[in-house]
Every structure is written in structure tokens, then in C-alpha cells.
Amino acid sequence: MPEHIEDVLGAPDTPRDYPAPRPVPREPEIYLPSASASGEHVRTMPGWEPTETGARERQKRGWGPKYQPPIEQAEERRRYRRICDDLDAEVRQLEQFVVGGVVSDEAVGLVAEIQNLLETLYDCPFGEGESLKSVVVAIQSQLNNAAWSEQHLAFLRGAIQHLRVRPIVNDCTAQEIHDMIEEHGLDPFRGTVSDSDCVVTYKLQRVEDA
Amino acid sequence: MPTRVALLDNTVQVDRRKSKTRSCRIEELLSQFEWKVSTSICLLEFKATLIQECITIHDSLRSVGMYTPVHDRLTESMHRQAKLRGHIFQNLINVFAPSSFDVTEERDRRLAEKARLRLEMVIPALYTWFTKKSVDAVLRDEIGCSRALEPPQKKRVAFGVNLPKCEKGKNKFCRVEEFIRAKAATLLERLEAILREGPQERLTQLRRTCELFRSVLQEPGIDLSHNDCRRAGDFLIALEGREIATHALSTNASDWEPICQILQREFVRVDYPAERDI
């Protein structure tokens, strides 16, 4: 089997007066440290090799080829992905109900649907060990029994989008979601009373001659 | 060098994580200070109280596997930390049933599982919060408590022993005995004078501190463990932070006022006016 076109057609004739080909501009060197772990075609800095620690860290975060979802989990992965897609669609709808930075009462049905989908995600048997359950608990710790604001919505949107693109779910995923809580200005130790401000003050008054 | 440096004791650090109202009040007080510091012995106390109780709850949830019985047993017992456990259940675990919740065994097991998973996140986060976020510095150069430097770590299913017994050369590399000999010898007289003059029933911890200091000064080969250090916890915290702190903050005025008097530091009592009306 011929491997090159020249094997079939022969070497192309080059006329003597043909101008010399212009040099092809070289692509700028890109120094990315993920060449060997992920198998991508990326040039590395001359004299620089990725360290073992770096490779281990990348693999731990689920970026290496070792952490591609196994074929046995294909069905679970499909189900997981479907739930994430549903959650994403619901969150996008919910964005239309934000009034004055707070999710309005009209969206109560959507909120209930999202909470229900989170419970379904909790039961989804995908990911390493109990990591997916930890992820859902971390999300719910900020959303349950809270008046949802723009911050909650941004956190939920960020978390769902992060989960959708993850090939696998492991302990690092749960930690990443936990880190996102603070990144979105929420309190990881928020407590039962999330807002202790006085909203309305009532006054009891005796009615004479009732 | 800042002119106002607050030394936070364990009661303040625990209250900052207990409830939102207390946390807000403390942050309001702390805004008057330029720096906030704590010490390795305070971190030891934090591990022995809040983190230890979280681990106890985690272990019970794991072994019993149900939420309500564990909650009831741990918060209604006569244990000295029963109230703290209540705070942990309400404010840190923070798992809630949906409104359509019907108390069945299956649902209760689900809640227990969620609570356990939540604690697996919260316990390391509490340690990280203390060491990296709560204060500007954790002073550990002088004593360098080995137990305080060990973050809580989850093994395969449970957390490892939170505070193993200190054994010199094996797992203990602190300098607590040398520190007490160097610093406390000059303070012992003043400490004994306060114990003679002050109200006896209110100075229990100071008396224990005095006994510990005397035994360290008299026995050259004494080997203290973390339980011994905790007996003199407040005094060691104050001593460890004395060089930098100008003020000491605590909710425990009966122990900290005489300590600050001895060490010539200003004491700021942390109280919660909003809770008086409840």
C-alpha cells in the first residue's frame, strides 16, 4: 500500500526558473503544560518537562486520559448529562423571573422543579463513590430554605455548567463546587438564619370600644 | 506596627461559626482593630471543641445511619457540649427536608446521608477557615503545638483520630514545656496573688493553670499532652499572643479579665445585646 502521493505520481517537476517558495511563517511557540498527560499535540517549552506532581494533579482533577468515563458507566453518564441539561434549561427559564435582584414568587414552580431535579441528580449512580451526592449536597446547602437572589442563581448556573462539561465526577468536583460558593459571594457556613434584618415592624394597638 | 491588634480566643472563634447574628456582632467589634491574631493553642482548642463535635456527629450518623435518633441523642444528652452540637445541627449541617417531607425511615436515612456528606465538606473547611481566613496570623512560633498543625483528614470512611495523645519524639514536636519555663516563672507570683485575693469559685481555670505551671517548673522531665495544655488553655493563648496583641477578645470574662490584668493587656468582652431580649 503506497504511503505517500509521491509514490504514485512521482516527484513533481520543478521548473528551474520557478521562484523559490516563500518561507512559511512559523507559528508562535505555545507553552502549555498539558501535553503528555492528555495526549494533545501541544509543544512544550524547550528543556521543560511536566513534573510528576503536575501530572498527578491534572489526573486527579479529571483531565487525564485515565479519567475518561469508563464504557460501563455510559448509561449512567447519559442519565447524568440529561439531568444536567434539564437543570440548565430550568435555570435559564428562571433568569426571566429575577426582579430587583431577587427571584420573584411567580417562579415558585420552577424553583420546585429545580429542587426536584437536584434530588434526582442526588440519586443518579454516576461518578466515583459518593462524590455526586457530595456535589448535590454542596449545591443544596446554599439553596434550601433561602430566598433565591441573583447570587444564588449565578452560583447555580455556574455549578450546573461546570458539571455538564465534566467527563467524570470525583472528590475534586465536590471541592470545586464548594469553592464556587465563595467565588459567588455566598457563605459556605451560612447558618439557619440567612438574613436577620428586620423587614416589617408591626405594632399592637388596643382598640377602644370595640 | 499597628496600634490595635486583637487576640481572639476560642470562644470568639467558635461563636463566629455558630450563628449569623453572633458572627455579625463579632465582625462589628473586630472592625475596630487593625490586625486580628490567634495562636496555635487556640487552634488546638478549636479542634478539641467545634471540630471534635462535628467528627462525633459524623461518626454517629455513619454508624447509626438515621438523622432524627442521632440528633436527639446527641443534643439531649448531659454532655457538656450538647448545646454546641445543637448549633452544629442547625447552623453547620444545614440539611433540610423538602416541604412534602413525610417522616419515614427511608427519608430519615437519606437526611442522615446528606448530613454526613455535608460534614465531610464542613470539617476540613472549618480548619481552613481558622488557619487561612479567620485571622491575619495564627501565632505558632513560640509553642508550635503539633496537634494544632494537623488538619482533620478523612480516611476511607471516617475521620482519623482528631487529637491523638502527644508522645515526645513520636508525634509531639512542640516546645510547650520550655515555653512555660521561660515565660511563666516570672508570672507565677502574680498569678498566685490573684488566686489568694480573688473570688475562689470563679477562678477554677486559673487555679488549674497555676498547678500546671508549678509542676512544669518543679519536674524537669515532665511531658505534657494536649489535655494538660488545655487545662491552662486561656493562659497559654494569652502568653503566646502577648508579644503582638494589644487587646484580648473573649466571651469568658471571668477567666480572661484576671489573665489580661496579669499580662497587662486590655480585655474586650464579647457580648450579644440582641440575644438579651429573647
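Quick caveat, the model's predicted, so the values are computed rather than measured.

Peer 1: Teacher, can you tell me more about the overall build of chain A here?
Peer 2: Looking only at helices and strands, chain A features eight helices and two strands. Here the contacts in chain A between residues at least 6 apart in sequence split such that 62% fall between residues at least 24 apart.

Peer 1: Would you explain the overall build of chain B in this entry?
Peer 2: Looking only at helices and strands, chain B has 13 helices and five strands in total. In chain B, which comprises 278 residues, the share counted as buried stands at 40%. Considering only residue pairs separated by 6 or more positions, chain B has 75% of its internal contacts joining residues 24 or more positions apart.

Peer 1: Would you mind showing me how to read the sheet that holds strand β2 (residues 35–39) of chain B here?
Peer 2: One key point about sheets: their strands pair by backbone hydrogen bonds, in either a parallel or an antiparallel sense. Residues and elements named next belong to chain B. Spatially, five strands are ordered β3-β2-β1-β4-β5 in an open sheet, and the strand pairing comes out parallel. Here the strands that pair on one side only, and so sit at the sheet edges, are β3 (137–139) and β5 (266–269). Here the strands of the sheet are splayed against their neighbours by 35° on average, with no regard to which way each runs. Note that β2 and β3 share three bridges and pair parallel. Bridge pairing in β3 links Val 37 to Ala 137. Sheet strands in contact with helix α1 (residues 10–18) are β1 (5–8), β2 and β4 (247–250), and its direction is about 55° off that of β4.

Peer 1: Got a minute to help me understand the pairing of β2 of chain B in this structure?
Peer 2: Every regular strand shows the same layout, with side chains that alternate between the two sheet faces. Pairing of β1 of chain B with β2 of chain B involves three bridges; the strand directions are parallel. Across the sheet, residue Ala 6 of chain B finds its bridge partner in β2 of chain B, namely Lys 36 of chain B.

Peer 1: When you look at the packing of helix α7 (residues 150–165) of chain A against helix α8 (residues 171–183) of chain A in this model, what are you seeing that I'm missing?
Peer 2: A pair of packed helices is captured by two measures, namely the crossing angle of their axes and the spacing between those axes. Residue and element names in this part refer to chain A. Where α7 contacts α8, the two axes come as close as 10 Å, and the packing angle between them is 155°. With respect to each other, α7 and α8 are oriented roughly antiparallel. Along this stretch, α7 crosses α8, giving a crossing that reads as right-handed. Across the interface between the two elements, Phe 155, Gly 158, Ala 159 and His 162 of α7 pack against Glu 176, Ile 177, Met 180 and Ile 181 of α8.

Peer 1: Hey, could you run me through the nonpolar core in this one?
Peer 2: Inside soluble globular proteins, nonpolar side chains tend to come together where they are buried. Counting residues in hydrophobic clusters, the biggest one holds 67 residues, and the most contacted among them are Cys 54 and Leu 126 of chain B. Looking at this core, the element that brings in the most residues is helix α3 (residues 40–64) of chain B, giving 12 residues. Non-local contacts of Cys 54 of chain B, meaning those with residues more than four positions away in its chain, are made with Ile 88, Leu 92, Leu 119, Val 122, Ile 123 and Leu 126 of chain B. Ala 107, Val 135, Val 136 and Trp 148 of chain A belong to the second largest nonpolar core, which has 32 residues in total.

Peer 1: Quick question: what am I supposed to make of unusual backbone geometry here?
Peer 2: Of note in this structure, Asn 145 of chain A is not a glycine but carries a positive phi near 55°. Within the fold, Asn 145 of chain A resides in the loop between α6 (131–143) and α7. Even without being a glycine, Gln 264 of chain B presents a positive backbone phi close to 55°. Residue class for Gln 264 of chain B comes out exposed when judged on the 7 C-beta atoms lying within 10 Å of it.

Peer 1: Could you clarify how one ought to interpret the confidence of the model for chain B in this entry?
Peer 2: Should pLDDT be low for a region, the predicted coordinates there are not to be read in detail. When pLDDT is averaged along chain B, the result is 91, and 97% of the positions lie at 70 or above. With a pTM of 0.81, the predicted complex shows an ipTM of 0.87.

Cut-off values and rules
- Residues numbered from 1 in each chain as written.
- Chains lettered and ligands numbered in written order.
- Predicted model: local features only at pLDDT ≥ 70, side-chain atom pairs only at ≥ 80, totals over all residues.
- Helix = DSSP H or I, 4+ residues; strand = E, 2+ residues; numbered from the N terminus.
- Contact = placed C-beta atoms within 7 Å.
- Buried ≥ 20, exposed ≤ 12 C-beta atoms within 10 Å, placed from the backbone.
- Pairing = 2+ DSSP bridges.
- Axes fitted to C-alpha atoms, helices over the stretch in contact; angles between N-to-C directions.
- Parallel < 35°, antiparallel > 145°, perpendicular 65-115°, else oblique.
- Left-handed = near helix turned anticlockwise from the far one by under 90°.
- Core = buried A, V, L, I, M, F, W, Y, C linked by C-beta atoms within 7 Å.
- pLDDT = per-residue confidence, 0-100.

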